[in-house]
Amino acid sequence: MIHSLFLINCSGDIFLEKHWKSVVSQSVCDYFFEAQEKAVDVENVPPVISTPHHYLISIYRDKIFFVSVIQTEVPPLFVIEFLHRVADTFQDYFGECSETSIKDNVVIVYELLEEMLDNGFPLATESNILKELIKPPTILRSVVNSITGSSNVGDTLPTGQLSNIPWRRAGVKYTNNEAYFDVIEEIDAIIDKSGSTVFAEIQGVIDSCIKLSGMPDLSLSFMNPRLLDDVSFHPCIRFKRWESERVLSFIPPDGNFRLISYRVSSQNLVAIPVYVKHMISFKENSSSGRFDVTIGPKQNMGKTVEGVVMTVHMPKAVLNMNLTSTQGNYTFDPVTKVLTWDIGKITPQKLPNLKGIVNLQSGAPKPEENPSLNIQFKIQQLAISGLKVNRLDMYGEKYKPFKGVKYITKAGKFQVRT
Amino acid sequence: MAAGQAYSEEKGGSSSLGEPEYGHDPASGGIFSSDYKRHDDLKEMLDSNKDSLKLEAMKRIVAMIARGKNASDLFPAVVKNVACKNIEVKKLVYVYLVRYAEEQQDLALLSISTFQRGLKDPNQLIRASALRVLSSIRVPIIVPIMMLAIKEAASDMSPYVRKTAAHAIPKLYSLDSDQKDQLIEVIEKLLADKTTLVAGSVVMAFEEVCPERIDLIHKNYRKLCNLLIDVEEWGQVVIINMLTRYARTQFLSPNQNESLLEDSAEKAFYGSDEEDTKDDKAEATSLVKRKPYVMDPDHRLLLRNTKPLLQSRNAAVVMAVAQLYFHLAPKAEVGVIAKALVRLLRSHSEVQYVVLQNVATMSIKRRGMFEPYLKSFYIRSTDPTQIKILKLEVLTNLANETNISTILREFQTYIRSMDKDFVAATIQAIGRCATNIGKVRDTCLNGLVQLLSNRDELVVAESVVVIKKLLQMQPAQHSEIIKHMAKLTDNIQVPMARASILWLIGEYCEHVPKIAPDVLRKMAKSFTNEEDIVKLQVINLAAKLYLTNSKQSKLLTQYVLNLAKYDQNYDIRDRARFIRQLIVPTEKSGALNKYAKKLFLAQKPAPILESSFKDRDHFQLGSLSHLLNAKAVGYQELPDWPDEAPDPSVPEWTKCTSREKRKEKVEKPFYSDSEGESGPTESADSEPESVSEESETSSSEGSSSSGSEEEEEGSGDQSEDKEEEEKRKKKKEKEAPRKASLESAGSPSEEEEEEGVKKGKKKKQQQERKGCGETSSEEASASESSSSESDSGSEAQESPAEVETKRRKAPASTKPSPRATTAGPKEISLLDLDDFTPPPPQPVPSSNIVSSSLVTDLEGLTLTDTSLAPALLSPVFGSVRTYELLHRMTGEGLSVEYCFSRRPFPHDPHMVAVQIQISNNTDAEVKSLRISEPKPLSGMRIQEFPEIESLAPGDTASVVMGIDFCDSTQAANFQLCTHTRHFYVSIQPPVGELMAPVFMSENEFKKEQEHLSRLGEGKLTGMSEITEKLTLPEKCRSDHAIVQQVTSAANVGRVPCGADNEYRFAAKTVTSGSLVLITLEKREGAAAQLTVNSEKMVIGTMLVKDIVQALVQ
């Protein structure tokens, strides 16, 4: 299965390597660099590269390439999924998955990798088990460690590995027992030139933060579970119960985790909460163009649209932009040709507008295509699909937990074609 | 953090001379002295007594390893600490050891004893970790130690240690592949493990060490299916992939049924007996219709148990299930995976990339599946190019008459994209749409022509190439376009496009007679500056013009050919020479010249624009090989579906070639006697779909066999081949008696083997039936058709069931066999040999034991009865309940149980076979066990079982007796005697056991039903029809559950039924042979109506009660 792993930063330095079988020379990465060069763009590096003796399967996360070396047939998704799990674990442990954090915690990283794979086959990937084996670094602990000489490696034996609910560690204790659920919905949409919706759908997740003592058995029910068309579950959820009663019944992992992700059935029409009026044109032979964009709120159930940001990849011929905005700030990066307009909150009384002149490279032909506008926004206290949590019941423990549900709607891949 | 420091120092070290201890690593040509110094420092720390210092040193060393620097010279210093008390130090030492042991083999041996000690530790986690490190040390000398450790760990109490053992197997295998045989033994053992923890790991080991040994899976197949949902996600992926391959070898293709039904059905069923086909032609056609492919229940089990995993959060699991469904599920069911795959498109771009590749392949085969999700494949400008191109591929594959307009509108947007590679791909996609969908060809062509005026040359060039291909399909109407393109030669510089235009003009020069010579003129002018492919096309054009319009182009052609003659490229020179010889008539050129026109201006077939993903599905989807479209190292080919369901008893897949042989194998168990019932049972109905639910299958390995004959195979897969051989040997010896015994069983399927006997026999059977009191002419025809039906049916239906039972049976095999050997030896018919074959783990006893017992068996055979009507199907095996005849307390240590084996009683067809199992729990031998003084009620008859001479303490015997209950549920009373005691016992049959299943067609069923209700009208309505309404409980609404419940409540056979909310069953009472027809109609929701038609009102009423109870409980 997975033979070796190399972590490579954007400038092509291999800053970490780990081998689970015999050592594979770093030179195998040359094939990867070759492909990277060919791809021009980082995101176009093919995830699977075939070399004479090995196969390289790589992912790109947070400006790091995780390049794994494979020698025999293995489902590529198996490896890709695992590599992402590794990156997730780093994120979980160090707060971020970056070159510096990995370098700073190289021993922990190494210990983690050692536990996560055995002979190239995943062994312990559940964060709860890993945290039992190797404690995540905290400032307090590192101070204590330096004084007492104790270590990050758990001195208790990892019993979680033996349990039949491997996602939860045993003996959890909290003084305040809390369970929070964030229902986060994202609207993926493509809006065409005329403002009509080409494609829209709602993708949601429920992220949970559970800090409950003991072995609580939770069941979460919805007012309208039929809305959920396609659901994927955390392994803790009892599938049968969902099939028969549409209730999420589970013994939760300790801490933060993603309970479910779902798609709202496509029959439901998606209410698009914003509209965009745009006028972008490039004049022939005058090396300039006009840019005029207004964003306004549509029906959004009385909630304000906040955190609105528009990003536009302008055509290569654009040299500079002279714009004025009625609200928020804009920046234009002449190197990457990305225009970012940070609007903030939209008030219906005064619609934010950005307009001005686009300077084009003189002599270059006028760009054929108007750039598409990528919009981000957030609406608090609203799940756009109308999904509502009905109740949360806890069994198996005596105390009364504090429960909270938060709804939020965001723009996912929200694109307006112009 | 200390380690962090170490790390950054490490990094900066090469430049900062101030810190020599972290200085240059040896590889970069460092100074030895500083190197020494650094390592001295670390060595000192490692040698110190303080754990903190050791830890510090180890952290630095690990940081070096992580960086890829060589730290091997510290090996001795590090290895000393392998027994360190501090866990973190110990762990880091392990990391080091595993990394460098290969290079320092001798020193690594020093650490082995520590691990060996660890292997004996009372704590399972320490045992596991010791094994893990030990097996990771790649030192060939310790192979025997590893082997021993693995073997020991494989039988460890702790599942976690066993899991580690499974992980260690591939490690050892890669170190020394000679250990394969021994490792396979360990794998076999671990495969039998019932914990979810082990399952994934051992299958992984299986896949790495012996993926070809698919026979090891048979016994564990169901268990793996049932455990699957609880296995950790990575294990799930491996198991699902393996099971996909396995299922491909074991089951029949679920999608063959259409073709089978339509054309080959008759051949398949009747192929061997021609006459019969003719005779029954009329019936045959009607039979064929209700003889659809029935999925093997194990096949169904796999599909059912993997389906929930489509909801996994792990993309690899979802993909694994998706490929399983794609490769194994019936067409109608594959659709479920689309939704899940589309969900994955929201994931990371690498996941998208892989998923889209697979979707592209799938969408070619099963377009309909993804059509509802068309819009999910729309492209965003922010997608990476490789994703865009894959989405485009999928969109193109999905295009059809109805959605093409939407798709083309999308494509229009894409064409204006800034990403030119993507635009080029879009143009090609449009070309493909245009070729595939004739309706839009003109629209596409017009669109593409417009693109010819695009500013981007790449776009234009790509359009030209695509237009060329499109025009080739219908050139006549498009001379305008060709003219337009001719003009483009002035501007377009892309060689491929220029070449395409030239080819087009040459090919269709007759459509553009004025322009063509002009183009040639221009090209002749620029000839020397053109690219090679363009030059070739110029020559081509010249040649074609010369042939069609030599007046205008003769000189130009000469000129071009002359230029080409001195070209630098020899290809071009060759071509010029060749063409000159061909087209310019000279004295020498001779024959070919005449055909020049034919050669050049022949009709050329239009190119087919095909997806590059076509036929990629011969690779298992989701595999690396599929992604690369090339066989990766270690890829296991996905086998084709077998033509016939293979018999898992033959490990090497020596599939039986002859029909006969196969049939033998399949049918045999039907005649074997029923022994060894005990405890829970399972059903192996002839309606395999309804077979046994998970509950029991999961428990099936532990729980013992059932009462159905098929189960009595009584031997594991392993031994079955031996058994088979033995049997064959025996068969030769005892050919005659065997036939007799078979005939005595009156088997329908036996007829196939002895075709000659067939016809006469059938007549006999019919007569017998008439003798039984069925005099109506209808009945006669019914019996005939059903007899032929059962001939064919036995193959089509029973064989999967059979195959499946064998497999299921294997684990339970050990129990019945010893019992069987001691069982009333005289009663057993020859085919019970199966039972004499020892269970797999034991060595085969010498064959003379078998043959001697065989002789006694044969002596006891009575060969008189031939009366079983063929219409009486081999019974449907519902779950068989065991009843107590004599409790061990009252029986003073002798306990007797009985059950209804649902097999025709061989000596008298009017008797119900009762299987009796006697266990001797006393300390003494029980002698002369027999039945005496039966005191039957009027008309009731009892056929006693032969006396059991003696029963040793602790032994169990199983015998069969027959009772004619006269179609009543009155108890049969008799005495059970031993040499010392008499016990009064009685057997009371449940009403459902008083009948035997009958096979009939839907039409016959209806006819009979009508007939019966008419009978009723004569007297009172409702005399022969009892109807009861009921509400089905939740768990009893599926087809399987209903069929299972009904067949377990009564010994009835299912009648195929057109409507899917109706279930029909038919049976005949054993004594009088009156028909019992059962109809269960499902209404909306849980409501249902049960109707029983029977002349025997009492039986009907009781049956209704029993079935309702079975269904509702």
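Residues numbered from 1 in each chain as written. Chains lettered and ligands numbered in written order. Predicted model: local features only at pLDDT ≥ 70, side-chain atom pairs only at ≥ 80, totals over all residues. Heavy atoms only, no water.

Draft legend 1. Up close: the packing of aromatic side chains. Applying the stated criterion across every chain yields a total of 26 aromatic pairs over all chains. On the numbers, 5.0 Å between centres and 70 degrees between planes, the contact of phenylalanine 32 of chain A with phenylalanine 65 of chain A is edge-to-face. In this pair, phenylalanine 32 of chain A is assigned in helix H1 (residues 29-39) and phenylalanine 65 of chain A in strand S5 (residues 64-70), connecting sequence segments 33 residues apart. Here phenylalanine 32 of chain A and phenylalanine 65 of chain A have matching classes, each one buried. Taking the centre distance of 5.6 Å and the plane angle of 70 degrees together, the rings of phenylalanine 619 of chain B and tyrosine 635 of chain B count as edge-to-face. (Phe/Tyr/Trp six-rings, centres within 6.5 Å; stacked < 30°, edge-to-face > 60°. Helix = DSSP H or I, 4+ residues; strand = E, 2+ residues; numbered from the N terminus. Buried < 20%, exposed > 50% of the residue type's maximum accessible area, 1.4 Å probe, protein only.)

Draft legend 2. How the structure looks around the sheet that holds strand S1 (residues 2-9) of chain A. All names here are of chain A. Here we have 5 strands laid out as an open sheet, ordered S2-S1-S5-S4-S3, and antiparallel in their pairing. The strands lining the two open edges of the sheet, one partner per strand, are strand S2 (14-19) and strand S3 (48-50). Within the sheet, the average angular offset between the axes of one strand and its neighbour, ignoring direction, is 20 degrees. Here S1 runs beside S2; their pairing, made up of 5 bridges, is antiparallel. Its bridge partner lying in S2, leucine 7 is registered against leucine 16. Against the sheet, helix H2 (residues 76-94) touches S1, S3, strand S4 (55-61) and S5, its axis set at about 40 degrees to S4. (Pairing = 2+ DSSP bridges. Axes fitted to C-alpha atoms, helices over the stretch in contact; angles between N-to-C directions. Contact = heavy atoms within 4.5 Å.)

Draft legend 3. Representation of the pattern of salt bridges. All told, the structure shown has 46 salt bridges over all chains when counted by the stated rule. One salt bridge in this structure joins glutamate 1062 of chain B and arginine 1064 of chain B, with 2.7 Å as the shortest N-O distance. Grouping residues by exposure puts glutamate 1062 of chain B and arginine 1064 of chain B together as buried. When salt bridges that share partners are traced, they join Glu81, Arg85 and Glu126 of chain A together with Glu233 and Arg313 of chain B into one network. (Salt bridge = Lys/Arg side-chain N within 4 Å of Asp/Glu carboxyl O.)

Draft legend 4. Quick look at the interface of chain A and chain B. Opposite the 98 residues of chain A that make contact, chain B presents 94 residues. Here chain A packs against chain B, burying approximately 8600 Å² in sum over the two surfaces, 57% of which is carbon and sulfur. The largest contributions to the chain A side of the interface with chain B come from Glu73, Leu77 and Phe121 of chain A, which together make up 8% of the buried area. Applying the counting criterion to the chain A and chain B interface returns 11 salt bridges. Among the ionic pairs, glutamate 410 of chain B bridges to arginine 417 of chain A, the shortest N-O distance being 2.9 Å. Applying the counting rule to chain A against chain B returns 37 residue pairs in polar contact (both at pLDDT 80 or more). For the side of chain A that touches chain B, the element with the highest residue contribution is H2 of chain A, accounting for 8 residues. (Buried area = accessible area lost by both parts, 1.4 Å probe. Polar contact = N/O pair within 3.5 Å; in protein donor to acceptor, adjacent residues only side chain to side chain.)

Draft legend 5. Structural detail: the sheet that holds strand S22 (residues 389-395) of chain A. Residues and elements named next belong to chain A. Here 3 strands make up an open sheet; going across it, the order is S12-S10-S22 and the pairing antiparallel. The open sheet has two edge strands, strand S12 (247-250) and S22, and neither has a second partner. Averaged over all adjacent pairs, the angle separating strand axes in this sheet is 15 degrees, with direction ignored. The pairing of strand S10 (residues 217-222) with S22 spans 6 bridges and is antiparallel. The residue bridging aspartate 217 from the neighbouring strand is tyrosine 395, located in S22.

Worth remembering: the numbers are spatial, not functional.
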